[in-house]
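Chains, contacts and geometry: an overview
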Amino acid sequence: MAAMIRKVGVIGSGQMGNGIAHVTALAGFDVVLNDVSADQLNAAIATINANLSRQVAKKIITDGDREKALTRISQTETLDGLADCDLVIETAVEKEDVKRKIFHDLCAVLKPEAIVASNTSSISITRLAASTDRPEKFIGIHFMNPVPLMELVELIRGIATGDATFDAAKEFVAKLGKQIAVSEDFPAFIVNRILLPMINEAIYTLYEGVGNVEAIDAAMRLGAHHPMGPLELADFIGLDTCLSIMQVLHEGLADSKYRPCPLLVKYVEAGWLGRKSQRGFYDYRGEKPVPTR
Ligand SMILES: CC(=O)CC(=O)SCCNC(=O)CCNC(=O)[C@H](O)C(C)(C)COP(=O)(O)OP(=O)(O)OC[C@H]1O[C@@H](n2cnc3c(N)ncnc32)[C@H](O)[C@@H]1OP(=O)(O)O
Ligand SMILES: NC(=O)C1=CN([C@@H]2O[C@H](COP(=O)(O)OP(=O)(O)OC[C@H]3O[C@@H](n4cnc5c(N)ncnc54)[C@H](OP(=O)(O)O)[C@@H]3O)[C@@H](O)[C@H]2O)C=CC1
């Protein structure tokens, strides 16, 4: 029988953390949102409120649903605040050393029967599980961005993930109203194994001068009916996250076809991380996004 999940911890309150907290609270779970700074937590709650209000305006939920969801979310700046959660989903930055340290510190305080999950975009679930005291209770639950709008969640089992953990994760995702795709534990799983090389190739197309930012995005939006152009999408995901995923693919599969484009590296080194830093392939500081190339 799948373990009963009532209270869910979310570590990292960036764009994915606030989206996961949003859909989890809306589905009736109690949520404890964690981050390293109070400012980040307050910003996340404000974003959740704004996105819930957008759903009220579109008549997807009622104002009562919005209010109830907000009251189910509490905040904590320490991992101790997650001790009695039944499931904890880690969604901090895409850096393996940061995630490993979080899992090490979390397991020291978390109740032994709790399930631990990572929302990693690319990193080995088996390797992350090995940094915990409970590899059989560890799983990849990979949401898509923006979480409230995207239907899919990938489930990834590590080598030691138990059936009860998989069943509980599957049941949890179903309660959020999302569909699952099960992926084996290989670098970047399914969606990002396919999507990120396409985005990286779009950046090479820019780097080699085949087209400018507007031409490349228009080509894929209008010529392939993608909802966003690949450079707009890269800015939306975060260029630091895109680079980390390409590095995991390049190192994990040892194939030069996954080499991160030097222009992507340069943007990240400049701190131009896309929307979250207000500048990437577009500059978002004015009224309308303006291409930076
Ligand atoms: C990197 C990984 O590990 C995995 C991934 O997630 S890869 C990324 C996967 N996601 C995609 O490919 C998304 C592609 N884009 C799309 O599908 C669509 O453009 C979209 C769903 C994002 C928006 O569709 P749309 O019809 O334009 O919706 P619309 O209501 O006009 O939304 C526009 C805006 O609202 C956001 N939005 C709308 N409702 C929202 C909600 N309830 N919560 C959060 N954001 C919301 C959109 O992101 C967008 O942001 P801005 O306001 O900052 O411009
Ligand atoms: N962006 C996307 O489209 C998707 C991303 N993901 C994955 O989700 C994860 C988060 O990505 P995303 O939300 O975009 O990233 P963001 O940069 O928006 O948010 C990351 C958050 O984690 C916080 N953080 C950093 N270190 C810690 C820590 N030790 N403890 C708690 N919080 C911490 C950051 O705080 P601070 O800013 O103060 O450092 C920040 O608030 C990554 O693993 C990413 O690969 C998965 C699917 C889609």
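Values in this document were obtained by computation on a predicted structure and should not be read as measured data.

1. Let's talk about unusual backbone geometry
Put simply, Asn-145 and Pro-146 share a cis peptide bond, and its omega is 0°. In this fold, Pro-146 is placed in the loop between strand E6 (138–143) and strand E7 (152–157). Here Lys-59, not a glycine, exhibits a phi torsion of approximately 60°, which is positive. By secondary structure assignment, the location of Lys-59 is in the loop between helix H2 (38–57) and helix H3 (63–71). A positive phi angle, near 50°, is found at Ala-254, a position not held by glycine.

2. Considerations on the site of ligand 1
Close to ligand 1 lie 20 residues, the nearest being Arg-54, Lys-58, His-142, Asn-145 and Asn-192. Note that an oxygen atom of ligand 1 is positioned 2.7 Å from one of the side-chain N or O atoms of His-142. With respect to ligand 1, the backbone of Asn-145 contributes an N or O atom lying 2.7 Å from a nitrogen atom. Summarising the interface, the protein chains cover 70% of the accessible area of ligand 1, which totals 1100 Å² for the free molecule. Sorting the residues of the shell around ligand 1 by element identifies H2, helix H7 (191–207) and helix H9 (230–237) as the ones contributing at least two each. Taken together, the residues of the shell around ligand 1 sort by class into eleven nonpolar, six polar and three charged. Taken domain by domain, the makeup of the shell around ligand 1 includes at least three residues from each of domain 1 (7–183) and domain 2 (192–291).

Thresholds, definitions, all that
- Numbering of residues begins from 1 in every chain and follows the order in which that chain's sequence is written.
- Each chain gets a letter, beginning with A, and each ligand a number, beginning with 1, in the order they are written.
- In view of the model being predicted, local features appear only for residues whose pLDDT reaches at least 70, and side-chain atom pairs are presented and counted only at 80 or more, with totals across whole chains, interfaces and linings using the full set of residues.
- No hydrogens and no water enter the side-chain calculation; it runs on all heavy atoms of the structure.
- Here a helix means four or more residues in a row that DSSP labels H or I, a strand means two or more in a row labelled E, and each is numbered from the N terminus.
- We call a residue near a molecule or strand as soon as one heavy atom of that residue lies within 4 Å of the molecule or strand.
- Whenever two N or O atoms come within 3.5 Å, that pair is a polar contact, provided that in protein one can donate a hydrogen and the other can accept it, and provided that, for residues adjacent in sequence, both atoms are side-chain atoms.
- Computed with the Shrake-Rupley method and a 1.4 Å probe, the accessible areas treat only the protein chains shown as cover for residues.
- Just so you know the grouping, Ala, Val, Leu, Ile, Met, Phe, Trp, Tyr, Cys and Pro go in nonpolar, Asp, Glu, Lys and Arg go in charged, and all remaining residues, Gly too, go in polar.
- Note that the domain bounds reflect an automated or database-derived domain assignment.

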